[in-house]
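One-letter residues, chain by chain:
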Amino acid sequence: MNTVINPRGQLPATQQTPMALRLDSLGGKTIYILDVRWPYTHQFIEEMRNVLSERYPDTQFVIRDKAGSYGEDDPKLWAEIQGHGDAAIVAVGH
Amino acid sequence: MHAKLVGKPRLRITCVPHPISRVPSPVCREYIEGTDPISSRLVIDEIIEALTDTLSEDDKRTDLEERPVPRLIGPDSEENLQRFFLENGMTDYLPIVLPTEERVAEMLKGTSHKADELVGELRAGYEAGSFTVEQVAANAVMAGAKPEYMPVILAMAASGVAAISTSTQSFARMIVVNGPIRNEIGMNSGCGALSPFNQANAVIGRVATLMSINLGRGGVPNLTYWGSQGNTLNYNHATFAENEEGLPTGWQPFHVQKGFRPEESVVSFFHGYSLWHWKNTYEKEKHEAILHMANWVLPSGGYKSGFGLLLDPIVAEDLVREGYPTKESLSQYCYDNTLLTLGEFWQYHLVEGFSLPAAQKDIEPYASWLKQPEDTLINRYRSPDEISVLVVGGKTNDFWQAGDWRYISSFSIDDWR
């Protein structure tokens, strides 16, 4: 029988973050669609806006490009969404 | 899974077929009106549900979740412990030496630092793990290290440079050791230095990955590791000692180029993807052939680039005869002769992703480049310092290797003796 030293590092405690409240419906709401700017994917974002607008004509879908490349923070945009938006869809990936 | 690790365990996610980069709009529409390839549900339904569904109690959590790591595992049989390490993703799937208390205690004799001393943090997954000298020693035992390797391994651990990451790019590190410790621990800088024919080279490179897996909590495909194809260099990260004895007169060891004294022992890290071999073909001189390789590398933009040359000592001597009396003069030559037009520059995928946003934020030189004609010539590299020259090999043939290796930083080993 052997006892071994655990080779794993200690992870910090995880602060659980509550999710934003959901909407009761989309009618009359403003939904942001965020493009995090993966190269050459903006046409996908525009098409998503088009499809959603056709299906939910009473909802305003607003496209915004995040400042900087996909890995950079954009506090001004987060503030805009909190101030003017009801929800956001974030598009991430290739 | 990142969302789970940072405290948002039920982030609503939907997925469309990939890639979408450069995919025409009608195809994008088909994707959006089609099904999620993972859940097989309609993408639109998933988006609307995500915006309007009800939050669960789990979604509303605000507590602090502790994740204690016990110091010991076992007691158990060797067979069961080996299975435990394998099944919990704590190895590189090659056989390991179990880090028993006795073996770890023996390993700790390779350093004057105390077992419970906090070494630092390493982030190979989504979070940085903190760790002690004893935990580093446990990984060293697993890799098959000798105690005398510990100063090198501790310097690597304390550097905070993880060998692997969460990136979708399958990169690796190159790890180069300079100074007296190379010979003290028997590292190979000569014939076959980059092959698995030397214990120190093999093990030190291997432990870099084990530390990233265990200390840095990375290396789990589709959870903390997303490199699409992976990289065989991750087995030992092209780890070698520079052949300082084989340097031509006038060429400095790499660590001396970086400001260390010759008698200091130093480990240097590089970021990159691949190495390829070359020998003069139709070019009359070696420096001409080297340019072909230097011109292949992604240009420096908002995304950092680099070029690493690994020259056999006889190649280095030839280059001196060709007119390069120092490593720096060869780097300068490569820098001066690897120009490209702005039109070419802006076509690179990663340049578009990193440099164009920088230009739009008025960051120079990208902002100015965006206003200049497409036929304007620019340097592929930001400075000659992005071109690293190392000497390694056993003088049996005038081959050399090179790759897209960007120098990261160098760290003192002597602090960890």
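Quantities reported herein were computed from a predicted structural model and do not represent experimental measurements.

(A) Local environment of the sheet that holds strand β9 (residues 307-311) of chain B. Residue and element names in this part refer to chain B. Spatially, four strands are ordered β8-β13-β9-β12 in an open sheet, and the strand pairing comes out mixed. Looking at the sheet topology across the chains shown, the edges are occupied by β8 (275-278) and β12 (387-391). In this sheet, neighbouring strand axes are inclined to one another by 20° on average, regardless of whether the strands run parallel or antiparallel. Set on the sheet, helix α13 (residues 327-336) makes contact with β9 and β12; between it and β12 the angle comes to about 140°.

(B) Structural context of the sheet that holds strand β3 (residues 30-35) of chain A. All names here are of chain A. The three strands lie next to each other as β4-β3-β5, forming an open sheet whose pairing is parallel. Whereas interior strands pair on both sides, the edge strands pair on one side only; in this sheet they are β4 (60-65) and β5 (87-91). Across the sheet, the mean angle separating the axes of adjacent strands is 25° when strand polarity is ignored. When β3 meets β5, the two strands line up parallel, connected through five bridges. Looking across to β5, one finds that Tyr32 is bridged to Ala88.

(C) Broad picture of the packing of helix α6 (residues 133-143) of chain B against helix α9 (residues 199-214) of chain B. Residues and elements named next belong to chain B. For the pair α6 and α9, interaxial distance at closest approach is 9 Å and the crossing angle is 130°. Taken together, α6 and α9 sit at an angle that is classed as oblique. The handedness of the crossing between α6 and α9 is right-handed. Contacts from Val136, Asn139, Ala140, Met142 and Ala143 of α6 reach α9 at Val203, Arg206, Val207, Leu210, Met211 and Asn214. Within the contact of α6 with α9, the residues separate by chemical class into eight nonpolar, two polar and one charged.

(D) Inspection of the interface of chain B and chain A at higher detail. Contacts between chain B and chain A engage 68 residues on the former and 43 residues on the latter. Its residues assigned to classes, the side of chain B that touches chain A shows 27 nonpolar, 19 polar and 22 charged. Strand direction decides the pairing type here: strand β1 (residues 2-5) of chain A and strand β2 (residues 72-76) of chain B, joined by three bridges, are antiparallel. Paired with Val4 of chain A across the bridge in β2 of chain B is Ile73 of chain B.

(E) Summary view of the packing of helix α7 (residues 150-159) of chain B against α9 of chain B. Residues and elements named next belong to chain B. The N-to-C vectors of α7 and α9 enclose an angle of 35°; their axes lie 10 Å apart at closest approach. Handedness of the crossing formed by α7 with α9: right-handed. Residues Val152, Ile153, Met156 and Ala157 of α7 form the contact with α9, whose own contacting residues are Ile204, Val207, Ala208 and Met211. For the contact of α7 with α9, the residue count by class is eight nonpolar, no polar and no charged.

(F) A look at unusual backbone geometry. All names here are of chain B. Residue Pro19 is reached from His18 by a cis peptide bond, and omega for that bond is -5°. Here Pro19 is to be found in the loop between α1 (2-5) and α2 (25-33). Omega for the bond connecting Glu364 with Pro365 falls within 30 degrees of zero, at 5°, which places this linkage in the cis form. Residue position: Pro365 is located in the loop between α15 (349-360) and α16 (366-371). Positive phi, normally seen in glycine, also occurs at Ser40, with a value near 65°. Locating Ser40 in the fold gives a position in the loop between α2 and α3 (43-52). With 7 C-beta atoms packed within 10 Å, Ser40 lands in the exposed category. At His237, a position not held by glycine, the phi torsion is positive, near 60°.

(G) Geometry of the nonpolar core. With 96 residues, the main nonpolar core has Ala140 and Ile153 of chain B as its most contacted residues. Once residues lying within four places of it in the same chain are set aside, the contact partners of Ile153 of chain B are Val136, Ala140, Ala145, Ile204 and Val207 of chain B. Counting residues in each nonpolar core, the second largest holds 15 residues, with Phe44 of chain A together with Cys28, Tyr31 and Ile32 of chain B among its members.

(H) Region of interest: the domain arrangement of chain B. Domains assigned within chain B are domain 1 (2-60) and domain 2 (78-282 + 404-416). Placing a centre on the C-alpha atoms of domain 1 of chain B and another on those of domain 2 of chain B gives a separation of 38 Å.

(I) Molecular detail of the environment of Val266 of chain B. Residue and element names in this part refer to chain B. Looking at where Val266 falls in the secondary structure, it is placed in strand β7 (residues 266-272). Owing to 26 C-beta atoms within 10 Å, Val266 belongs among the buried residues under this scheme. Discounting chain neighbours no more than four positions away, the residues touching Val266 are Asn178, Gly179, His255, Phe260, Ser410, Phe411, Ser412 and Ile413.

Calculation criteria
- Residues numbered from 1 in each chain as written.
- Chains lettered and ligands numbered in written order.
- Predicted model: local features only at pLDDT ≥ 70, side-chain atom pairs only at ≥ 80, totals over all residues.
- Pairing = 2+ DSSP bridges.
- Helix = DSSP H or I, 4+ residues; strand = E, 2+ residues; numbered from the N terminus.
- Axes fitted to C-alpha atoms, helices over the stretch in contact; angles between N-to-C directions.
- Contact = placed C-beta atoms within 7 Å.
- Parallel < 35°, antiparallel > 145°, perpendicular 65-115°, else oblique.
- Left-handed = near helix turned anticlockwise from the far one by under 90°.
- Nonpolar A, V, L, I, M, F, W, Y, C, P; charged D, E, K, R; others polar.
- Buried ≥ 20, exposed ≤ 12 C-beta atoms within 10 Å, placed from the backbone.
- Core = buried A, V, L, I, M, F, W, Y, C linked by C-beta atoms within 7 Å.
- Domains from an automatic or database assignment.

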